[in-house]
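Observations on the model geometry
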Amino acid sequence: MKESINRKRYPSDLTDAQWDLLAPFIPPPSPNATQEVIPRREIVNGIVYVLRTGCSWRQMPHDLPNGKTVLHYFRCWQRDGTWEKAMHALRRQVRGSMGREEERKPPVSSTANPARPVQSQASDVAMMAGKKILGRKRHILVDTQGFLLAVKVLAANIADVTGARLLLEGLTQCFTRLSHLFADHGYDGEPFEHWLKEHLGWEIEIVPHQEREAQTDWMLVNGQPVQIRNPKGGFQVQRKRWIVERTFGWLIRFRRLARDDEGLPSSSEAFIQVASIRLLLTRLAPSRY
């Protein structure tokens, strides 16, 4: 399964062990190809390079395959479900290496800070009512370890409950053991709870906000320290909610995902799946970088 690389490696490149894990899910070249076959490993390295650095396809380094070629395969493998299949299979391997059972109780959440697209041709972009931000929302479903199960990118003006329905539709066939969801107050309400129970047979548990204790702070007034009372208190981690937020933290470390530069929501979803694959490969076969 190994393919030689006759160039200096980039930190984003897959190691031999990581490529051996991912290669079985990458479609092989057509036997009827009339042109020179580009190594599949180099195509994947080009995709991960763009994901990690955040550069455009036209700025692909010359020692990697042409950016247009890499983009072509990225979209083809997104359409045929290659990224999704690889993500699910690698996640099961990681959970097995941790001694975990298959997915049972995942929390679900959508980001409260949707990324803002910079392309004027971007589709499915709208204004978020509460924060007056023009962009999209990333709705994700993760397991109790924070590993990605499903992702849906929608316009920012779509309510969290509506986005959750679009995300969860049809997942019963993929995750037959799921029965319980943890969610924040954005998904509260009897209509959504009844829909979840009727269509999927799942139960939902809304994670309550922890009451913040008032804290005493100090500030300088005319050079003199004055004691003040802060009723809001400091930041407190919410039960189960931090798992989803940590997953978002993992994802935005990839510069391509720090902002939403994609013209299509499906491309944004595919990049999130590739980022999840990269994280899972690092878990299974850590590299020196």
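Above this text is the structure in question.
Residues numbered from 1 in each chain as written. Predicted model: local features only at pLDDT ≥ 70, side-chain atom pairs only at ≥ 80, totals over all residues. Heavy atoms only, no water.

1. Regarding the side chain of Glu42
Heads up, the condition is: Numbering of helices and strands starts at the N terminus; helices are DSSP runs of H or I of at least 4 residues and strands are runs of E of at least 2. A simple rule labels every residue: compare its accessible area, found with a 1.4 Å probe on the protein chains alone, to the largest value its type can have, and call it buried under 20%, exposed over 50%, or partly exposed in between. The term polar contact refers here to a pair of N or O atoms within 3.5 Å; inside protein, the definition further demands a hydrogen-donor-capable atom paired with an acceptor-capable atom, and it admits residues adjacent in sequence only when both atoms are side-chain atoms. Throughout, a contact is declared for two residues whenever any of their heavy atoms are within 4.5 Å.
Take Glu42: it is sitting in helix α2 (residues 40-53). Assessed through its relative accessible area of 10%, Glu42 is described here as buried. In this structure the side chain of Glu42 is engaged in a polar contact, spanning 2.8 Å, whose partner is the side chain of Arg7. Apart from residues no more than four positions distant in its own chain, Glu42 is found in contact with Ile5, Arg7, Asp63, Leu64 and Pro65.

2. Points about the pattern of salt bridges
The condition that has to hold: Any Lys or Arg side-chain nitrogen located within 4 Å of an Asp or Glu carboxyl oxygen qualifies as a salt bridge.
As enumerated under the stated definition, the model contains nine salt bridges in all. Where Asp13 meets Arg7, a salt bridge forms, and the shortest distance between an N and an O atom there is 2.8 Å. Here Asp16 ties to Arg9 by a salt bridge, and the two come within 3.9 Å at their closest N and O atoms. Via salt bridges that share partners, Arg7, Asp13 and Glu42 belong to a single interconnected network.

3. Digging into the nonpolar core
Condition: Put simply, buried Ala, Val, Leu, Ile, Met, Phe, Trp, Tyr and Cys residues joined by side-chain atoms within 4.5 Å make one nonpolar core.
Judged by nonpolar contacts, the single largest core of 46 residues is most densely connected at Leu22, Phe74 and Trp83. Contributions of two or more residues to this core are made by α1 (16-22), α2, α3 (67-79), α4 (82-97), β3 (133-142), β4 (148-155), α7 (241-251) and α9 (265-284). Here this core takes eight residues from α9, the largest share from any one element. If we skip the residues at most four places from it in the chain, Phe74 touches Ile47, Trp57, Trp83, Ser267, Ala270, Phe271 and Val274. Counting 18 residues, the second largest nonpolar core, distinct from the first, contains Leu149, Ala164, Leu171 and Ala183.

Limitation: the analysis is restricted to geometry and does not speak to function.
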